[in-house]
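# Observations on chain architecture
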Amino acid sequence: MSMSDMRARRGGKKAFLFNMIIVGQAGLGKSTFINTLTNHPTIPKRQCDDPAQCTLEKTVDIQAYTVETDEDGMKMQLTVVDTPGFGENIDSSTHFNEILSYIEHQYDDVLAEESKIKRNPKFQDSRIHVLLYFIPPTGHALREIDIELMKRLCGRVNILPCIAKADTLTPKELAAFKMRIMEDIAVNEIQVFDFPCDENEDDDETMQENLELRSLLPFAVVGSDDTLLVNGRTLRARQYPWGIVEVENMKHCDVAQLRSVLLSTHVQELKELTHDVLYEAYRSEKLSQLEGLAEKLAELNMQAQEQQPGSV
Ligand SMILES: Nc1nc2c(ncn2[C@@H]2O[C@H](COP(=O)(O)OP(=O)(O)OP(=O)(O)O)[C@@H](O)[C@H]2O)c(=O)[nH]1
Ligand SMILES: [Mg+2]
C-alpha cells in the first residue's frame, strides 16, 4: 500500500480509489453487471409503461460511474467505466482504438501531472486498474475478435476474462468452455491477471486462495437487475421456467468471488501492477519517443546551420 493510500484509509478524508472498465460485444450484460456489482441502480432503467419489462438502454458512449462501496469492511470509491458493445465486424477496430486511447489518455494525464513543477493537490488518478473482458457464452472457443482485442490491450491494462451470461450454459458446458478459453489464452500468449503467487512473499493461505481463484478463470458471470424472494430472502437473481439462478450463489456462478477480488482482496495488487509495471512501461515508451524526437530535431537544426552560407 502506498503512503498516500495509507493516509487516505487512516485519515478517512480521501477514499481509497479503484477504477475498472468493462469491455465486450454488444448485449452481453456489461451494464447489467455494473448494477449487479455495485448492488445499486447505478445505470438507471429506461422508462416504459410496464416497469417489469423495462430494460437498460444500449450503451452508446464510454461513460464512467462512481459509487461508494464497502466490501468486507473495505470502503472504496469505485469508478466503473461502461463501454458500448462492439459488433462482430467492421466497426470493431474503431472500437478497439477508442478503448485503448481511453486507457492511454488516463496515463497521459498522470504523466503530465508528474511533470508539473507545482502539482495539483486535487488531481484525481483515473488510471484503469482492471479491465473485465466479457466473452460471449458460445461454449466453443475464443473468437478471433476476442483474441485480437485482448492481445492489443493486455500490455496496457490488467485483464480479467469473464464468461458473460454464464446461466445460458450447463455446468458441464461451462467447465469445458473455461478450459478451452484458458488454452486459447495461453496459445495466443495473451497476458491476463492470473492471481500470481510469490513463494517468498505470500503465506500459505494467500497462495492457496490465489490458486483457487486462478482455477476459476475465466469467471462465470451472471448479472441481474431484479431481485426475487427466495426462501424468505430477497436476492439478486434471474428467473427461468426451470428454476432460479442466484447471482451470489457460488454453486451457480463466480460473481461472489469476483466481487470480493474487485472490491476487496486484490484491489491493492491490481493498483500496484498498474502503477509499477503497466504505467511504467507506458511512461518509458513515451519518454524514449520524446527523446528520439528531440535528437532528430537537434540533428535537423545542425544540418540547417551547416547549410547556411558562410558556415564552416
Ligand atoms: N441470460 C442472461 N441475460 C443477461 C445477463 N445479464 C444481462 N442480461 C440481459 O441481456 C440484455 C442486455 O443487457 P445489457 O446489460 O444492456 O448489455 P450490454 O452489454 O450493456 O449491452 P450494450 O450496452 O448494448 O453493449 C438485457 O436484456 C439483460 O437483461 C445474464 O447474466 N444472463
Ligand atoms: Mg451497456
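That block above? That's the structure.
Attention in this report is confined to the structure presented alongside it. From a predicted model like this one, the values you see are computed outputs, not experimental measurements. (Residues numbered from 1 in each chain as written. Chains lettered and ligands numbered in written order. Predicted model: local features only at pLDDT ≥ 70, side-chain atom pairs only at ≥ 80, totals over all residues. Heavy atoms only, no water.)

## Some words on the coordination of the magnesium ion (ligand 2)
As a reminder of what qualifies: Note on donors: an N, O or S atom is included if it sits within 2.8 Å of the metal, or within 3.2 Å for Na, K and Ca, and water is never included, so sites can look incomplete. Numbering of helices and strands starts at the N terminus; helices are DSSP runs of H or I of at least 4 residues and strands are runs of E of at least 2. Only protein chains enter the accessibility calculation, which uses a 1.4 Å probe. A residue is then buried if its area is under 20% of the maximum for its type, exposed if over 50%, and partly exposed in between.
The magnesium ion (ligand 2) binds to the protein through Ser31 (OG) and Thr59 (OG1); the donor distances cover 2.0 to 2.1 Å. Of the two residues, Ser31 sits in helix H2 (residues 30–38) while Thr59 sits in the loop between H2 and strand E2 (63–71), which places them 28 residues apart along the sequence. We classify Ser31 as buried; its relative accessible area is 10%.

## As for the side chain of Asn158
Heads up, the rule is: In the analysis that follows, any N or O atom pair within 3.5 Å is treated as a polar contact, provided that within protein one partner can donate a hydrogen and the other can accept it, and provided that, for residues neighboring in sequence, both atoms belong to side chains.
Structurally, Asn158 can be placed in the loop between helix H4 (144–153) and strand E5 (159–163). In terms of polar contacts, Asn158 uses its side chain to reach the backbone carbonyl oxygen of Leu270, at 3.3 Å. One polar contact links Asn158 to Thr274, side chain to side chain, over a distance of 3.2 Å.

## Re the layout of surface pockets
Our working rule: A cavity here means a set of 1 Å grid points, computed over protein atoms only, where a 1.4 Å probe fits but cannot escape. A pocket is an open set with protein on both sides within 12 Å along at least 5 of 7 lines, and lining residues have an atom within 4 Å of a point. Grid points are joined across faces, edges and corners, and a volume is the space filled by probe spheres set on the points. Residues were grouped as follows: Ala, Val, Leu, Ile, Met, Phe, Trp, Tyr, Cys and Pro as nonpolar; Asp, Glu, Lys and Arg as charged; and all remaining residues, including Gly, as polar.
In this structure, the second largest pocket spans a volume of roughly 720 Å³. Its residues placed into classes, the lining of the second largest pocket shows 14 nonpolar, 13 polar and nine charged.

## Details of the packing of aromatic side chains
Spelled out, the test is: Aromatic pairing here means that ring centres of Phe, Tyr or Trp (its six-membered ring) are within 6.5 Å. Orientation follows from the plane angle: under 30 degrees is stacked, over 60 is edge-to-face, and everything else is tilted. Two conditions define a charge sitting above a ring: the NZ of Lys or the CZ of Arg must be within 6 Å of the ring centre, and it must be within 35 degrees of the ring normal.
Counted by the stated rule, this structure contains seven aromatic pairs. Here Tyr107 and Tyr279 contribute two aromatic rings whose centre-to-centre distance is 5.6 Å and whose plane-to-plane angle is 50°, an arrangement assigned as tilted. You can see Tyr107 sitting in helix H3 (residues 92–114) and its partner Tyr279 sitting in helix H8 (residues 267–307), a full 172 residues away along the chain. Judged by relative accessible area, which is 0%, Tyr107 ranks as buried. By relative accessible area, which is 1% here, Tyr279 ends up buried. Considering the side-chain rings of Tyr107 and Tyr282, the 5.3 Å spacing of their centres and the 40° angle between planes classify their relative orientation as tilted. Taken as a pair, Tyr107 in helix H3 and Tyr282 in helix H8 lie far apart in primary sequence, 175 residues in all. On the basis of relative accessibility, which here comes to 3%, the residue Tyr282 falls in the buried class. Residue placement shows Arg127 over the ring face of Tyr279; its charged tip is 4.7 Å from the ring centre.

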